[in-house]
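Here is how the chains run, residue by residue.
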Amino acid sequence: MPANYNGTYNMISNENFESYMRALGIDFATRKIANLLKPQKVIEQNGDFFRMKTISSFRNYSTEFTVGTEYEEETKGLDNRKCKSMVTWDSDKLVCIQKGEKKNRGWKHWLEEDELHLELTCEDAVCKQVYKRAP
Ligand code: VLZ
């Protein structure tokens, strides 16, 4: 049985998002706005199938995938690149590798009690975000 990520989570911390966005080539004005956001993650999971939504007052980002199956990801509204992405389980961690123009790009999710943790990586930038399960 895979871990259960279903739920809605509110951001409580966000370290190095600026460096991550800079590595993605996000422009200055967008970074200034994006840095002020406290997005919500909404995760719908059915076994190995996931829908993940990042919702904010500025922009939303949605993606869906099946663990173990490579998919075409277009990072619309973020850096607008195409990646060949694949998520795998590392025990209960979700590990995504986003192959494309940017080196060393991906993310990891894991759960700690009522917290959803996320590490976003691009090139040498690592952003660490924590979300708390919405009451
Ligand atoms: O998340 O790839 O949870 O796709 C920021 C939206 C979303 C706010 C960042 C607008 C998405 C920012 C990160 C404008 C530049 C991401 C995955 C892991 C799911």
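As the structure is a computational prediction, the values presented were derived from the model and not from experiment. (Residues numbered from 1 in each chain as written. Predicted model: local features only at pLDDT ≥ 70, side-chain atom pairs only at ≥ 80, totals over all residues. Heavy atoms only, no water.)

Peer 1: Summarise the nonpolar core; cite the residues concerned and give the values.
Peer 2: Formed by 30 residues in total, the largest nonpolar core has its most connected members in Tyr5, Phe50, Phe65, Val87, Leu94 and Trp107. Elements represented by at least two residues in this core include exactly strand 1 (7–15), helix 1 (17–23), strand 3 (49–55), strand 7 (93–99), strand 8 (106–112), strand 9 (115–122) and strand 10 (125–133). (Core = buried A, V, L, I, M, F, W, Y, C linked by side-chain atoms within 4.5 Å. Buried < 20%, exposed > 50% of the residue type's maximum accessible area, 1.4 Å probe, protein only. Helix = DSSP H or I, 4+ residues; strand = E, 2+ residues; numbered from the N terminus.)

Peer 1: Before we move on, can you summarise the UniProt feature "domain: Cytosolic fatty-acid binding proteins" (unreviewed entry) in the chain with the specific residues and values?
Peer 2: UniProt feature "domain: Cytosolic fatty-acid binding proteins" (unreviewed entry): in the numbering of this structure it lies at residues 7–24. Across residues 7–24 one finds 39% helix and 50% strand; the C-alpha atoms that close the span lie 28 Å apart. (UniProt positions renumbered as here; feature names shortened; annotations may be inferred.)

Peer 1: Just give me the short version of the environment of Pro2, but keep the residues and values in it.
Peer 2: By secondary structure assignment, the location of Pro2 is in the segment before strand 1. Here Pro2 falls in the partly exposed class, since its relative accessible area comes to 34%. Put simply, Pro2 and Glu64 are 62 residues apart on the chain and 17 Å apart in space, counted from C-alpha to C-alpha. Residues in contact with Pro2, not counting those within four places in the same chain, are Gln45, Gly47, Asp48 and Trp89. (Contact = heavy atoms within 4.5 Å.)

Peer 1: Explain the site of the ligand residue by residue, including any values.
Peer 2: Inspection of the region around the ligand gives 15 residues, with Lys41, Thr54, Tyr61, Thr63 and His109 positioned closest. Measuring from an oxygen atom of the ligand, one finds a side-chain N or O atom of Lys41 at 2.6 Å. In the environment of the ligand, an oxygen atom lies 2.7 Å from a nitrogen or oxygen atom belonging to the side chain of His109. Alone, the ligand offers 540 Å² of accessible surface; in the complex the protein occludes 96% of this. Looking at the shell around the ligand, its residues break down into eight nonpolar, five polar and two charged. (Near = heavy atom within 4 Å. Polar contact = N/O pair within 3.5 Å; in protein donor to acceptor, adjacent residues only side chain to side chain. Areas by Shrake-Rupley, 256 points an atom, 1.4 Å probe, with all protein chains shown as cover. Nonpolar A, V, L, I, M, F, W, Y, C, P; charged D, E, K, R; others polar.)

Peer 1: I'd like a rundown of the pairing of strand 1, residues and numbers included.
Peer 2: Bridging between strand 1 and strand 2 (residues 40–46) involves four bridges; their strand directions are antiparallel. Opposite Gly7, over in strand 2, you have Ile43 as the bridge partner. (Pairing = 2+ DSSP bridges.)

Peer 1: Give a detailed account of the packing of aromatic side chains, specifying residues and quantitative values.
Peer 2: Per the counting criterion, the structure on display carries seven aromatic pairs. Ring centres of Phe65 and Tyr71 lie 5.6 Å apart, and the angle between their planes is 15°; this geometry places the pair in the stacked category. Geometrically, the ring pair formed by Phe65 and Trp107 is tilted, given 6.0 Å between the ring centres and 55° between the ring planes. Residue Phe65 is found in strand 4 (residues 61–66), and its partner Trp107 is found in strand 8; the two are separated by 42 residues along the sequence. When its relative accessible area of 8% is taken as the criterion, Trp107 is described as buried. (Phe/Tyr/Trp six-rings, centres within 6.5 Å; stacked < 30°, edge-to-face > 60°.)

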